[in-house]
Amino acid sequence: MVGVVLGGLGVMAGCAADPDDSLAAQQATTPAVLVTVPQSQEEFPPNGVVSDVLAIDNNFVPAALTVEAGTEVVFLNNGRNDHNIVPPDDLTVSEWGVLDADFMPGDSYSHVFTRPGTYVYVCTIHGTATAGMFGTIVVTAP
Ligand SMILES: [Cu+2]
């Protein structure tokens, strides 16, 4: 998984050279995470903060997001295709995530990230953990 995160950031760093690309600008503000941080056992309560991620055809925007533990991340399918949000090591989305049947165009899915850590996810229809439609949520301790 460490190699996966490194590969993704390498691609984003290349895109950040274009000052007119708003997506690249958003990604450039996200601190680089070069290792996958083990998920903390410490949990923090919901803090009332909401942060959005758009699923478009076929990317997540922003692809890399950093939030404090307790933040609710709302994923909105703002595209015209079905998408899904699947942790690569949890294809049944038992911990978090949503399958495409429940994430059609116009649908939203939200999850409160209570534990610090790095959460990689993919749309299994349009990407893998190394290419295409994938993203990362970095959850920091408050
Ligand atoms: Cu997709």
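Check the entry above for the structure.
Notes on the sheet that holds strand 5 (residues 108-113)
At step 1: If you trace the 4 strands from one edge of the open sheet to the other, you get 2-1-4-5, paired in mixed fashion. One side of each edge strand has no neighbouring strand; the edge strands of this open sheet are strand 2 (59-61) and strand 5. Within this sheet the neighbouring strands show an average axis-to-axis angle of 20°, counted without direction.
At step 2: Sheet topology note: the strand 4 (residues 71-77)/strand 5 ladder contains 6 bridges and is antiparallel.

Here we look at unusual backbone geometry
At step 1: Going from Asp57 to Asn58, the amide bond is cis rather than trans, its omega being 0°.
At step 2: Note that Asn58 resides in the loop between strand 1 (50-56) and strand 2.
At step 3: With an omega of -5°, the peptide bond between Val61 and Pro62 qualifies as cis.
At step 4: Its identity is not glycine, yet Val93 carries a phi of approximately 45°, on the positive side.
At step 5: Turning to its location among the elements, Val93 is positioned in the loop between strand 4 and strand 5.
At step 6: Classification of Val93 as partly exposed rests on a count of 17 C-beta atoms within 10 Å.

So, the environment of Gly135
At step 1: Locating Gly135 in the fold gives a position in strand 7 (residues 132-140).
At step 2: Expressed as a C-alpha distance, the spacing of Gly135 and Val86, which sit 49 residues apart in the sequence, is 10.0 Å.
At step 3: Apart from residues lying up to four places away in sequence, Gly135 is in contact with Val53, Phe60, Ala63, Ala64 and Tyr121.

Thoughts on the pairing of strand 1
At step 1: Relative to strand 4, strand 1 is paired through 6 bridges, and the arrangement is parallel. Bridge pairing links Asp52 to Val74 in strand 4.
At step 2: Bridge analysis of strand 1 against strand 2 gives 3 bridges, and the strand direction is antiparallel. Bridging from a neighbouring strand, Ala55 pairs with Phe60 of strand 2.

Rules and cut-offs
Residues numbered from 1 in each chain as written. Predicted model: local features only at pLDDT ≥ 70, side-chain atom pairs only at ≥ 80, totals over all residues. Pairing = 2+ DSSP bridges. Helix = DSSP H or I, 4+ residues; strand = E, 2+ residues; numbered from the N terminus. Axes fitted to C-alpha atoms, helices over the stretch in contact; angles between N-to-C directions. Buried ≥ 20, exposed ≤ 12 C-beta atoms within 10 Å, placed from the backbone. Contact = placed C-beta atoms within 7 Å.

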